[in-house]
Amino acid sequence: MNRLFLGWMILVLLLWCGPALAQDTVCVQCHGGLDGRLGAPVGQWEKSIHAANGISCHDCHGGDPSDFAMAMSPERGFIGVPGYEEVPAFCGRCHLGVREDYEKSAHGEALANGGPNCVICHGNHEVVKASIDLINEQDCTRCHDYERAAEVKGVIAETEAKLQSLDLSVASLHRVGIDVERLSGELFSTRNQFRRLFHTVNVEKLQQQRSAFDSDLAEIGAQVGEIENQLSQRKLIGGIIVVLLVLAGCVALLIRQTYHSEEEAGE
Amino acid sequence: MKIKKMAIDWLDSRLGVSELLHQQLGGYKLPRNINTWYALGAVIMALFGLQFLTGILLLIYYVPDTEKAFASVTMIMNEVPFGWLFRYLHVVCSNLIIVALLLHMMSVMFMGSYKRPRELTWISGFTLLNMGLVFCLTGYLLPWSQLSFWATTVATDAAGAVPVVGEYLVSFLRGGPSVGAATLGRFFALHVLVLPLALMGLVGFHLFCVRRNGISQAPFGKHYRPVEPSDTFTHEEHHDGIPFYPNYTSKELGVIFFALAILVLITFYAPWLFIPLDALVPADPFVTPDHIKPEWYFLWAYQTLKIFPSEFLGLAVQGAAMTFLALLPFVDRGPERRPGKRPLFLTCYLLGILLFVGISLWGHYS
């Protein structure tokens, strides 16, 4: 229940404040015209999942995105660039659950000793949509052996695949006008909770708790399946109606043809 | 059976119904070389009839309020029994009506049926096409989606390019400086009351003109006999023609069934063809979607506004093109109707179609 509530809260927050703020801010206008280190983040951010969801510079770095003079003023809440060890807290202002589980993980505990923070795996301005592909030999072996990471990936792969498949199914239902608000909310919540869990990088914990997520996803999958069945039935009925209409059209034209023959005979 | 016969006899002795029916059906003769294109009028009538029916059913649940409109459409689609069917039929049918109206207009142009004495039939038909477009424009706003809101904003904004009265015109169309509750209110009233009443009146006038002048012959084949224009009223008789009922109505019925088959096919299998993604998101005046585009039948107008250096020039060109089409019977006054003997017309006709398709595609991909 709590998981569902948290998921809903995040969804509502994203929908409410996200897109409205991803406008062409003074940050983008000014930094977009700069070269090198100061200009690069704009291009990177534009390709990011943050940009796609309407999260702009000031949402992370603070400041006033509507005032050139005061945009980077601490008086207007400008934070600037966080230090290496401050990054989890910086990102964790929005990604609360993930931060919590990360901090308890081997990664989080090693932070003070140079362990990885969020951007080591996810990148910073060009942060892409999280996927299981972020766990890969090339990236993980920058710091340690791949063995344990491979184990984590193995445990979560099946559930992740289900999540992705359900995501696509729900999007398809939405495309044909089905109200998927509730289903999307449940899926969003389950995905967030699951991804939060695997930030613990704890194979035993993942194995123990995975079945609960699988069961939640099976329930969502059943609902999706039921709607898909209804849509298939609709198509079947539609197909029958089309065939009947075509047949009726052919019969009408055949009747017309008999009259046409009579007309030609009468000429 | 006896009661039925008695009822008919009773009516007949007072109103002459049998005679009237014979005059309008079996005794109403059509040219022998009448072709399938002539059935498009009946198709359009059938589709408009379906729009009335599905529109009334949608009206039962639709709420014309900016706070509730999108939710009411979502409810129709998901909770009302067969609501999805009525809504999709309404949406798809509106597009097919425009296709049928355009084909009807193009066939009439190709066969030169707009020429004297059928100028009024042409003008009323051309007005009906425009009325169909206004129906679509006003209906587009009603779901109050992102697409509705922004497409209407763009469409009404174009009126601002008219010199002197532009600003007033935009304000008049929207009921205020921007698209909002007042716009929804007036578009709703137009869509469900004013336009249907006007449409019925105009269709009646169009049919009256068709019936009064008589159906024009198709200018092809061995049966075609050129008719000399007359200074006095003459009804084009076809004494050796075919009866309207049942001979030609069977063909009309066949074409209507095929048109309905296309409608049902799209409705059940690909309704998304006419419902872009932005139509699935509630309107948000603070978020402008990327690449907002009008529906396919307005793409030519949208692209024309972008081609010219000023919006006013674009509007003026659109206005000139539409005026030219409306007044075509007064511009092209020669009596010849056979396309093969009208090379200048045929060239302009084909170039006009290519231009329409080309500019629309340009608008789509721009």
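All values reported here derive from a predicted model rather than from experimental measurement. (Residues numbered from 1 in each chain as written. Chains lettered and ligands numbered in written order. Predicted model: local features only at pLDDT ≥ 70, side-chain atom pairs only at ≥ 80, totals over all residues. Heavy atoms only, no water.)

Along the backbone of chain A there are 13 helices and 0 strands. Reading chain A from its N end, one meets helices and strands in the order α-α-α-α-α-α-α-α-α-α-α-α-α. Here the C-alpha atoms of chain A give a radius of gyration of 27 Å, more than 25% beyond the 18 Å that 2.2 N^0.38 yields for 267 residues. Oriented by its inertia axes, the alpha-carbon framework of chain A measures out at about 100 × 50 × 35 Å. Among the 267 residues that make up chain A, the fraction classed as buried is 35%. (Helix = DSSP H or I, 4+ residues; strand = E, 2+ residues; numbered from the N terminus. Rg over C-alpha atoms; globule rule 2.2 N^0.38 Å. Buried < 20%, exposed > 50% of the residue type's maximum accessible area, 1.4 Å probe, protein only.)

All names here are of chain A. Relative to the helices and strands, T200 resides in the loop between α12 (181–198) and α13 (203–265). The class for T200 is buried, based on a relative accessible area of 6%. Within the structure, the side chain of T200 is placed 2.6 Å from the backbone oxygen of L197, a separation counted as a polar contact. (Polar contact = N/O pair within 3.5 Å; in protein donor to acceptor, adjacent residues only side chain to side chain.)

Time to look at a negative patch on the surface. Together, D145(A), E147(A), E151(A) and E204(A) line one region of the surface with negative charge. Note on placement: D145(A) falls in the loop between α10 (137–140) and α11 (147–175). (Patch = residues over 30% accessible without salt bridge, like charges linked within 9 Å, V, L, I, M, F, W, Y side chains within 5 Å. Areas by Shrake-Rupley, 256 points an atom, 1.4 Å probe, with all protein chains shown as cover. Salt bridge = Lys/Arg side-chain N within 4 Å of Asp/Glu carboxyl O. Lys, Arg positive; Asp, Glu negative; His and termini not counted. Charge placed at Lys NZ, Arg CZ, Asp CG, Glu CD.)

The next point concerns unusual backbone geometry. Residue and element names in this part refer to chain B. A cis amide bond, omega 10°, links R116 with the succeeding residue P117. The omega torsion of the bond from Y245 to P246 falls at 5°, within 30 degrees of zero and hence cis. By the element assignment, P246 lies in helix α10 (residues 244–269). Even without being glycine, W144 reaches a positive phi, approximately 55°. Looking at where W144 falls in the secondary structure, it is placed in the loop between α6 (119–141) and α7 (146–158). Among the residues examined, W144 registers a relative accessible area of 7% and is labelled buried. With a phi angle near 65°, V164 is a residue other than glycine that sits in the positive phi range. The residue V164 is located in the loop between α7 and α8 (166–174) in this model. Here V164 falls in the exposed class, since its relative accessible area comes to 86%.

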